[in-house]
Amino acid sequence: MGLWSKIKGKGKEFKGPPSVGQAIMKNLPPSEMIESCSVAGPGFVNVVLSKDWMAKKIQKMLINGIDTWAPRLSVKRAVVDFPSPNIAKEMHVGHLRSTIIGDALARMLEFSKVEVLRRNHVGDWGTQVFLTG
């Protein structure tokens with residue numbers, strides 16, 4: 001959906017976020033790790049990982065050890081920008097979800113010997129106003 005705001009009005013190829021999601025889905029390279037893909041709602045691309053691929057990877061890890069499982073990545077350094085909760089609003093469990101996803105991504109990269117720069121920016125730059133009377 002964020003991509004749609006950048007390409008909106010620049011061509012007639014895409015009619016909205018769902019059509020952008022369809023284009024992304026159709027252009028994913030074939031991979032044994034992907035079982036299926038679909039576009040849901042306003043353009044969300046859902047990717048289902050192959051159970052067979054996951055089972056093979058887990059079996060290999062159990063036989064050869066966990067250190068042999070980590071992929072060798074060409075990147076040496078990555079930045080993971082954690083979620084930005086609006087500090088002017090009440091915190092809730094939804095804020096944890098994206099924080100946990102960001103932390104999991106950072107840990108996976110670190111496991112693959114990538115130097116990870118973790119960044120977290122609070123969301124709201126406005127001022128909270130409390131009126132007392």
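- The name that an unreviewed UniProt entry assigns to the protein is Arginyl-tRNA synthetase, with the source organism given as Tripterygium wilfordii.
- Quoted verbatim from the Sequence similarities (unreviewed entry) field of the UniProt record, the comment on the protein reads "Belongs to the class-I aminoacyl-tRNA synthetase family."

Overview of helix 3 (residues 51–64)
Next up, step 1: For helix 3, built from 14 residues, the straight-helix expectation of 20 Å at 1.5 Å per residue is met to within 8% by its first-to-last C-alpha distance of 20 Å.
Next up, step 2: The distance from a side-chain oxygen at the start of helix 3 to the backbone nitrogen of Asp52 is 3.3 Å, and the residue carrying that oxygen is Ser50.
Next up, step 3: Immediately beyond the C-terminal end of helix 3, within one or two residues, lies Gly65, with a positive phi of roughly 100 degrees.

Quick look at a nonpolar patch on the surface
Next up, step 1: On the surface, Leu3, Ile24, Leu28, Met33, Val47, Leu49, Met54, Ile58 and Leu62 cluster together into a nonpolar patch covering about 750 Å² of accessible area.
Next up, step 2: Listed by contribution, the elements that provide at least two residues to the nonpolar patch are strand 2 (44–49) and helix 3.
Next up, step 3: The leading source of residues in the nonpolar patch is helix 3, at three residues.
Next up, step 4: Along the chain, Met54 turns up in helix 3.

Examining the side chain of Ser112
Next up, step 1: Mapped onto the fold, Ser112 is located in the loop between helix 4 (93–111) and strand 4 (115–120).
Next up, step 2: Taking the relative accessible area as the measure of exposure, Ser112 reaches 7% and is therefore buried.
Next up, step 3: In contact with Ser112, not counting residues within four places along its chain, are Ala70, Pro71 and Leu73.

Here is what the cut-offs are and how they apply
- Residues numbered from 1 in each chain as written.
- Predicted model: local features only at pLDDT ≥ 70, side-chain atom pairs only at ≥ 80, totals over all residues.
- Heavy atoms only, no water.
- UniProt positions renumbered as here; feature names shortened; annotations may be inferred.
- Helix = DSSP H or I, 4+ residues; strand = E, 2+ residues; numbered from the N terminus.
- Expected span 1.5 Å × (residues − 1).
- Polar contact = N/O pair within 3.5 Å; in protein donor to acceptor, adjacent residues only side chain to side chain.
- Patch = residues over 30% accessible without salt bridge, like charges linked within 9 Å, V, L, I, M, F, W, Y side chains within 5 Å.
- Areas by Shrake-Rupley, 256 points an atom, 1.4 Å probe, with all protein chains shown as cover.
- Salt bridge = Lys/Arg side-chain N within 4 Å of Asp/Glu carboxyl O.
- Buried < 20%, exposed > 50% of the residue type's maximum accessible area, 1.4 Å probe, protein only.
- Contact = heavy atoms within 4.5 Å.

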